[in-house]
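So you can see what is in the structure, the chains are spelled out below.
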Amino acid sequence: MAVRQNIWQKRKMSNGYCGLLYYFYFLFLLTTMFAMTHGKSLKNDGEFFYNCLKHRNSPQWINSFADNRARKCLRFLKSIRSSVAKDQPSNNDERTHESRRSELSISSYLSALISWRNKEGDLADLLLDRISPCHRQSKELRKHWTKFFMKRRNSAAVAPAILQHTWEGNSGEITFRPIKTRFSSNTLIAAELVLTRLSPSDIGELFGRYSTRVSLKSHNARTVMHSDYQSSCPSRDGRFMVLEMETDHLFQWYHNRSRNFSLSVSVIPRRQYTSPLVQEPINVVERIVGLVMHFERSYSGPNNDMDRSRRLLLQALTGSPDTLSNSMSGDSPVEDTHFGRSAETTRRRRSPTRASKRKRRQIRHKRSSPSYEACHLVPFILKTSFTTNIGVSWDPVNGPTPWNIWDCQGNCSHPIPSHLETTYHAMVLSESHSKLCCVPTEHRTLHYTRNNDDEITFEEFPKMVATKCGCL
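Everything numeric in this text was worked out from a predicted model, so none of it was measured.

Calculation rules
Residues numbered from 1 in each chain as written. Predicted model: local features only at pLDDT ≥ 70, side-chain atom pairs only at ≥ 80, totals over all residues. Heavy atoms only, no water. Helix = DSSP H or I, 4+ residues; strand = E, 2+ residues; numbered from the N terminus. Buried < 20%, exposed > 50% of the residue type's maximum accessible area, 1.4 Å probe, protein only. Contact = heavy atoms within 4.5 Å. Areas by Shrake-Rupley, 256 points an atom, 1.4 Å probe, with all protein chains shown as cover. Salt bridge = Lys/Arg side-chain N within 4 Å of Asp/Glu carboxyl O. Core = buried A, V, L, I, M, F, W, Y, C linked by side-chain atoms within 4.5 Å. Pairing = 2+ DSSP bridges. Axes fitted to C-alpha atoms, helices over the stretch in contact; angles between N-to-C directions. Disulfide = S-S within 2.5 Å. Polar contact = N/O pair within 3.5 Å; in protein donor to acceptor, adjacent residues only side chain to side chain. Expected span 1.5 Å × (residues − 1). Arc of directions from axis to C-beta.

Visitor: Explain the overall build of the chain here, please?
Guide: A count of helical and extended segments in the chain gives 15 helices and 13 strands. Classification of the 472 residues of the chain by burial places 41% in the buried group. Sequence-distant contacts in the chain: of pairs separated by 6 or more residues, those separated by 24 or more amount to 73%. Total accessible area on the chain is roughly 27600 Å²; 51% of this is exposed by carbon and sulfur atoms.

Visitor: Would you mind going over the pattern of salt bridges with me for this structure?
Guide: Pairing is possible between side chains of opposite charge, provided their charged atoms come close. A full pass over the atoms with the stated rule returns 12 salt bridges. Between Arg310 and Asp307 there is a salt bridge, and its shortest N-O distance comes to 3.0 Å. Placement of both Arg310 and Asp307 in helix H9 (residues 305-318) is noted, with a separation of 3 residues, approximately one turn of the helix. Accessibility expressed as a relative area gives 46% for Arg310, which makes it partly exposed. A relative accessible area of 26% means that Asp307 is categorised as partly exposed. The closest approach of N and O atoms between Arg308 and Glu459, which form a salt bridge, is 2.8 Å. In this pair, Arg308 is assigned in helix H9 and Glu459 in strand E13 (residues 455-471), connecting sequence segments 151 residues apart.

Visitor: What's the story with the nonpolar core in this structure? I'm lost.
Guide: Generally speaking, soluble globular proteins have nonpolar side chains that are buried together. Core analysis: the largest hydrophobic core is formed by 31 residues, its most contacted members being Leu193, Leu195, Met245, Leu250, Leu263 and Met293. Only strand E1 (156-159), strand E3 (171-176), strand E4 (188-197), strand E5 (205-216), strand E7 (240-244), helix H8 (248-255), strand E8 (261-274) and strand E9 (285-295) provide two or more residues apiece to this core. When residues of this core are assigned to their parent elements, the largest contribution, 5 residues, is made by E9. With residues near it in sequence (within four places) discarded, Met293 still touches Ala156, Ala157, Val158, Pro160, Ile179, Leu188, Ala190, Ala191, Leu250, Trp253 and Tyr254. Ile106, Ala112, Ala159 and Phe240 belong to the second-largest nonpolar core, a separate cluster that totals 30 residues.

Visitor: How should the sheet that holds E1 be read in this particular structure?
Guide: Within the open sheet, the 6 strands sit side by side as E7-E4-E9-E1-E13-E12. Their pairing is antiparallel. If you trace the sheet from one side to the other, it starts and ends with E7 and strand E12 (438-452), each paired once. When strand polarity is set aside, the average angle formed by the axes of neighbouring strands in this sheet is 25 degrees. Judged from the 13 bridges that link them, E12 and E13 form a sheet pairing that is antiparallel. Looking across to E13, one finds that Cys438 is bridged to Cys471.

Visitor: What am I meant to see in the sheet that holds E8 here?
Guide: Each strand in a sheet pairs with its neighbour through backbone hydrogen bonds, running either in the same direction (parallel) or in the opposite one (antiparallel). If you trace the 5 strands from one edge of the open sheet to the other, you get E2-E3-E8-E5-E6, paired in antiparallel fashion. Unpaired on one side and paired on the other, strand E2 (162-168) and strand E6 (223-232) mark the two borders of the sheet. The average undirected angle you get between the axes of adjacent strands in this sheet is 15 degrees. Of the pairings in the sheet, the one linking E3 to E8 comprises 6 bridges and is antiparallel in character.

Visitor: Please clarify how the state of the cysteines should be interpreted in this entry.
Guide: Applying the stated criterion across every chain yields a total of 4 disulfides. Covalently, Cys408 is tied to Cys469 through a disulfide, its sulfur atoms 2.0 Å apart. Because the torsion about its S-S bond is -90 degrees, the bridge between Cys408 and Cys469 counts as left-handed. One end of the pair, Cys408, is in strand E11 (residues 407-409); the other, Cys469, is in strand E13, and 61 residues separate them in sequence. Under the relative-accessibility criterion, Cys408 is labelled buried at 8%. A residue is classified by how much of its surface remains accessible, and Cys469, at 7% relative accessible area, is buried. Between Cys412 and Cys471 runs a disulfide, and the two sulfur atoms are separated by 2.1 Å.

Visitor: Even after reading the chapter, I still don't get the side chain of Gln272, so can you show me in this structure?
Guide: Turning to its location among the elements, Gln272 is positioned in strand E8. At 2.9 Å, the side chain of Gln272 forms a polar contact with the side chain of Tyr210. At 2.8 Å, the side chain of Gln272 forms a polar contact with the backbone nitrogen of Ile282.

Visitor: Explain the environment of Asn451 to me, please; I cannot follow it from the model alone.
Guide: Looking at the element boundaries, Asn451 is found in strand E12. Spatially, the C-alpha atom of Asn451 lies 6.2 Å from that of Val392, the residues being 59 residues apart in sequence. At a separation of 3.1 Å, a polar atom in the side chain of Asn451 contacts the main-chain amide nitrogen of Asp454.

Visitor: How should I be thinking about helix H7 (residues 139-150) in this particular structure?
Guide: Think of an α-helix as turning once every 3.6 residues; residues three or four places apart then point the same way. With 12 residues, H7 ought to run about 16 Å at 1.5 Å a step, and its terminal C-alpha atoms sit 16 Å apart, in line with that. Residues Leu141, Trp145, Phe148 and Phe149 constitute the buried set of H7. Axial view of H7: buried residues confined to an arc of 85 degrees, hence all on one face. H7 presents Lys139, Lys143 and Lys147 as exposed residues on the side facing more than 90 degrees away from its buried surface.

Pasting the structure below:
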């Protein structure tokens, strides 16, 4: 009896193991099929748009599709016509565009990425229109590039210094110096190679499809680090090509601080539909502008990202990362430590005149209105010395931009207005007519880029920018 029971238990365990194996095999098949379908859908979208343009004067060809495909083709043709009409430049726009053509660099791409991280604009307007204008016609492309950038949203990144680069025809080479910056995390999560190209609207390109390939140059063989296709649609902003890179060899090079890193790049036109039509394919790439490597952030352990941000903040305030004595002691002049208010304003606040006393008496009578000077956000602009002390890198087209971290100002009168954030402790104090303070209650991280000997790094100041005020 015991033998039969043991045999039955063994059979039950083996059936359970087989069930788990079948389950994981089924998941593997589903994942593989999804990846293949996703890749094919992106490629099929490009071919469909090209054929749609090629047969745009043939209603029978468009009507041969199902209703959803026909509507997709008609929407694409309509958007192409509107884009071409919108992108017709005036004389002033043409001069401005020509003057800025040569100024595009890796800093322009990084500045757009930083602006998106700082929530200064939409992902489509800041990045997708510059990299893949066809995302407005293809949902698959929009999903692909949105996922691409969401992976890079909170990373610590570095753009290595370029030793030399060349581009001729449809191919080129680039060599990078060893990376000096060391990150607390050793997890390389993503990397991309950035190229600049001719604007599709400048060359009259209605649709283009390009084969992109990146290889690692070595003495033994050329290892492929990227191989894919990219599409383009009419746009004056579509000046970048971004190629996602394989990370294994880049991670090995990052740890080897002694040797350079060389890549061979090719961008070959496979489909080009231009207006007017041209027989020879147009080589659209201007040059390779840089490589960006993204690392996972770490907030624990020695020399983590929080400690790094704290050192940079001390350096921004004092010019030295080791001490705060100049800004925290009373020996320094007021104008060096007050970023938002001048010394004259501070003196006037301390010694009020008769007119200001009379105005305060008038305010006391108006406090019954909760909207009068209620606690609210006000601009707080940092001085330029704050950014120059840490070597902030700016977009060469737009130049330096003032940093506004916002401040809270106004009255916290009783009763506390319902739109302000507060605590139960503050509500009890307010009922007993104790004085409450108008302070920031919510913050967001300030992202920026820093230039260190032609090596650009992504940095951040956590909880730097006030986004909401409250009475506490």
